[in-house]
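# Coordinates in review
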Amino acid sequence: MSISIRTGQTSATFLRNIALCATLVLSASAACNSQAADLSRRDQRFLLQAGQAGLFEMAASKLALDQSGNDDVKRFAQMMITDHTAVARDLQALADSKGAQLPTEPSRAQQSLLRQLQNSQRNRFDRAYVEKVAVSAHRDAVKLFTDAARNARDADVKAFAAKNLPALQGHLDKGRELRTTVRNSNPAGWLGDHPQKPAAPPAPVSPASPAAPASVVPGK
């Protein structure tokens, strides 16, 4: 005696259909894993590091919008958020097509930098942001994307890196300009510079010296 199912199928047929669906799901999952395995370790590492770099730069730039009082810094930060959001969408599409998983948070080192930025005093935030994010992070990103554009084994990964490299180079150039602007607006204590030592007091002058001023020569 068969058990009726709402669809009118027998229990045996119903169970066979469930088993078929499970097989299809497992096959699809295996296909995704196979696609990810087809990527070289270098290409997988590029996807990981590119994802982390984007997350870090967007998070730092959101901090800049909240904490900076400099209009130039805020404009740069907004450009970072807009541009890197678009890059992140393309990177996600690429990763999906390869069955690869992207990171959901920056690296530990990048998270440490974010905490430093968040805890920076207001008068030091701009200098820290332009040095660590606008310049240093983009210099690293240009190096990362240049390597992938030249050496990635997967054609799609290589094309993605080559497509986005010019924009990253442009960000680095603008970041260096911004660093100069911020540095000139408040040169004291710039990160990476050694503080200037106070000028040494002038050496005492003997009253007998021809160079002695009248104030130290008796009778003058």
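Up top you'll find the structure we're talking about.
Because the structure is predicted, anything quoted here is derived from the model rather than measured.

## Some details on the environment of Ser 120
With respect to the helices, strands and loops of the structure, Ser 120 is situated in the loop between α4 (108-118) and α5 (122-151). Taking the C-alpha atoms as reference points, Ser 120 and Gln 67, separated by 53 residues in sequence, lie 9.3 Å from one another. A distance of 2.8 Å separates a polar side-chain atom of Ser 120 from the backbone oxygen of Gln 116.

## What to know about the packing of helix α2 (residues 41-67) against helix α3 (residues 71-98)
Two numbers describe a pair of packed helices, the interaxial angle and the distance between the axes. With their axes 8 Å apart at the nearest point, α2 and α3 run at an angle of 150 degrees to one another. Relative to α3, α2 is oriented roughly antiparallel. The two elements α2 and α3 cross, and the hand of that crossing is left-handed. Residues Leu 47, Ala 50, Gly 51, Gly 54, Glu 57, Met 58, Ser 61, Lys 62, Ala 64 and Leu 65 of α2 pack against Val 73, Lys 74, Ala 77, Gln 78, Met 80, Ile 81, His 84, Thr 85, Ala 88, Leu 91 and Leu 94 of α3. Classifying every residue of the contact of α2 with α3 by side-chain character gives 12 nonpolar, 6 polar and 3 charged.

## Notes on the layout of surface pockets
Here the largest pocket defines a volume of roughly 300 Å³. As for the largest pocket, its lining consists of 14 residues, and the residues nearest its centre are Ala 53, Gln 110, Ala 137, Asp 140 and Ala 141. A per-element tally of the lining of the largest pocket places α5 first, with 7 residues. Taken together, the residues of the lining of the largest pocket break down into 6 nonpolar, 4 polar and 4 charged. Approximately 240 Å³ is the volume attributed to the second largest pocket. Lining the second largest pocket are 18 residues; nearest its centre among them are Ala 50, Gly 51, Gly 54, Ala 88 and Leu 91. For the lining of the second largest pocket, the secondary-structure elements that each account for two or more residues are α2, α3, α5 and α6 (155-185). Ranked by residue count, the leading element in the lining of the second largest pocket is α2, at 7 residues.

## Some words on the packing of aromatic side chains
Counted under the stated rule, the structure contains 5 aromatic pairs. Ring geometry for Phe 46 and Phe 145: centres 5.0 Å apart, planes at 75 degrees, overall edge-to-face. Of this pair, Phe 46 sits in helix α2 while Phe 145 sits in helix α5, and the two are 99 residues apart along the sequence. Judged on exposure class, the residue Phe 46 and its partner Phe 145 are both buried. Through a chain of ring-to-ring contacts, the aromatic side chains of Phe 46, Phe 145 and Phe 160 assemble into a single cluster.

## Describing the nonpolar core
Residues Phe 46, Leu 47, Ala 50, Leu 91, Phe 145, Val 157 and Phe 160 are the most contacted members of the largest nonpolar core, which totals 22 residues. Mapped by element, the contributors of at least two residues to this core are α2, α3, α5 and α6. Listed in part, the 19 residues of the second largest apolar core include Ala 64, Ala 77, Ala 134 and Ala 137.

## Topic: α6
Taking 1.5 Å of rise per residue, 31 residues should cover 45 Å, and α6 covers 45 Å from first to last C-alpha, within 8% of that figure. Considering bend angle alone, the principal kink of α6 is centred on Leu 165 and spans about 35 degrees; proline Pro 166 follows within four residues of it. All buried positions along α6 are accounted for by Val 157, Phe 160, Ala 161, Asn 164, Leu 165, Leu 168, His 171, Leu 172, Gly 175, Leu 178 and Val 182. Taken together, the buried residues of α6 touch α2, α3 and α5.

Here is what the cut-offs are and how they apply
- Residues numbered from 1 in each chain as written.
- Predicted model: local features only at pLDDT ≥ 70, side-chain atom pairs only at ≥ 80, totals over all residues.
- Heavy atoms only, no water.
- Helix = DSSP H or I, 4+ residues; strand = E, 2+ residues; numbered from the N terminus.
- Polar contact = N/O pair within 3.5 Å; in protein donor to acceptor, adjacent residues only side chain to side chain.
- Axes fitted to C-alpha atoms, helices over the stretch in contact; angles between N-to-C directions.
- Parallel < 35°, antiparallel > 145°, perpendicular 65-115°, else oblique.
- Left-handed = near helix turned anticlockwise from the far one by under 90°.
- Contact = heavy atoms within 4.5 Å.
- Nonpolar A, V, L, I, M, F, W, Y, C, P; charged D, E, K, R; others polar.
- 1 Å grid on protein atoms, 1.4 Å probe; cavity = no way out; pocket = protein on both sides within 12 Å on 5 of 7 lines; lining within 4 Å.
- Points joined across faces, edges and corners; volume = space filled by probe spheres on them.
- Phe/Tyr/Trp six-rings, centres within 6.5 Å; stacked < 30°, edge-to-face > 60°.
- Buried < 20%, exposed > 50% of the residue type's maximum accessible area, 1.4 Å probe, protein only.
- Core = buried A, V, L, I, M, F, W, Y, C linked by side-chain atoms within 4.5 Å.
- Expected span 1.5 Å × (residues − 1).
- Bend = angle between axes of the 7 residues up to and from the residue.

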